[in-house]
Amino acid sequence: MCRVRANNKDGSPNLSTGMIGKDNAIARHGIHGLYRVYTVSIPGTQLTNGSNTIFLTQSRGSGPFKGIMYDYIRFESPS
């Protein structure tokens, strides 16, 4: 389970994926993982002028091959 939070690592998550994983993608350098795309909506009230921090946390990370692997994170606002 991956949880995404903005600017408050202990606050309510903006996204919680549910159970994912159980593959060996990290041990195999990403070649065996499943590609997933998630869109996270973050209210403007949670953002600050200047620096903002996105927290990615998981509930099952107990070993060197249990983690969150991502290609990139794009942070954009409506025009």
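Conventions and cut-offs
- Residues numbered from 1 in each chain as written.
- Predicted model: local features only at pLDDT ≥ 70, side-chain atom pairs only at ≥ 80, totals over all residues.
- Heavy atoms only, no water.
- Helix = DSSP H or I, 4+ residues; strand = E, 2+ residues; numbered from the N terminus.
- Buried < 20%, exposed > 50% of the residue type's maximum accessible area, 1.4 Å probe, protein only.
- Contact = heavy atoms within 4.5 Å.
- Areas by Shrake-Rupley, 256 points an atom, 1.4 Å probe, with all protein chains shown as cover.
- Pairing = 2+ DSSP bridges.
- Lys, Arg positive; Asp, Glu negative; His and termini not counted.
- Salt bridge = Lys/Arg side-chain N within 4 Å of Asp/Glu carboxyl O.
- Polar contact = N/O pair within 3.5 Å; in protein donor to acceptor, adjacent residues only side chain to side chain.

Engineer: Please clarify how the overall build of the protein should be interpreted in this entry.
Structural biologist: Counting secondary structure elements, the protein contains zero helices and three strands. Secondary structure of the protein in N-to-C order comes out as β-β-β. By the burial criterion, 11% of the 79 residues in the protein qualify as buried. A separation of at least 24 residues holds for 53% of the contacts in the protein among residues at least 6 apart in sequence. Taken as a whole, the protein presents about 6500 Å² of accessible surface, with 50% of it coming from carbon and sulfur.

Engineer: Any chance you could explain the environment of methionine 1 here in plain terms?
Structural biologist: Mapped onto the elements of the fold, methionine 1 is located in the segment before strand 1 (2–6). As a C-alpha pair, methionine 1 and isoleucine 68 span 67 residues in sequence and 9.4 Å in three-dimensional space. The residues contacting methionine 1, other than those within four sequence positions of it, are Ser16, Thr17, Gly18, Met19, Ile20, Thr57, Gln58 and Ser59.

Engineer: Which parts of the structure should I look at to understand the sheet that holds strand 3 (residues 54–58)?
Structural biologist: By definition, the strands of a sheet pair up through backbone hydrogen bonds, in either a parallel or an antiparallel sense. Read from one edge of the open sheet, three strands run 2-1-3, paired in antiparallel fashion. The open sheet has two edge strands with one neighbour each: strand 2 (15–16) and strand 3. As judged from the five bridges shared by strand 1 and strand 3, these two strands associate in the antiparallel manner. Counted as the bridge partner of arginine 3 is threonine 57 from strand 3.

Engineer: Sorry if this is basic, but what is going on with the side chain of arginine 5 here?
Structural biologist: Mapped onto the elements of the fold, arginine 5 is located in strand 1. Despite being buried, arginine 5 has no salt bridge partner; aspartate 10 is the closest side chain of opposite charge, sitting 6.6 Å away. Polar contacts involving the side chain of arginine 5 include one to the main-chain carbonyl oxygen of glycine 11, which spans 2.5 Å. Separated by 3.1 Å, the side chains of arginine 5 and threonine 57 make a polar contact. Ignoring sequence-local partners within four residues, the contact set of arginine 5 consists of Asp10, Gly11, Ser12, Pro13, Asn14, Thr53, Ile54, Phe55 and Thr57.

Engineer: It is not clear to me how the environment of serine 77 should be interpreted in this structure. Could you clarify?
Structural biologist: Of note, serine 77 is situated in the segment after strand 3. Expressed as a C-alpha distance, the spacing of serine 77 and serine 41, which sit 36 residues apart in the sequence, is 10.0 Å.

Engineer: Before we go on, may I ask you to explain the side chain of threonine 17 in this structure?
Structural biologist: Following the sequence through the fold, threonine 17 ends up in the loop between strand 2 and strand 3. Overall, threonine 17 belongs to the buried group, its relative accessible area being 19%. A distance of 2.9 Å separates a polar side-chain atom of threonine 17 from the backbone nitrogen of cysteine 2.

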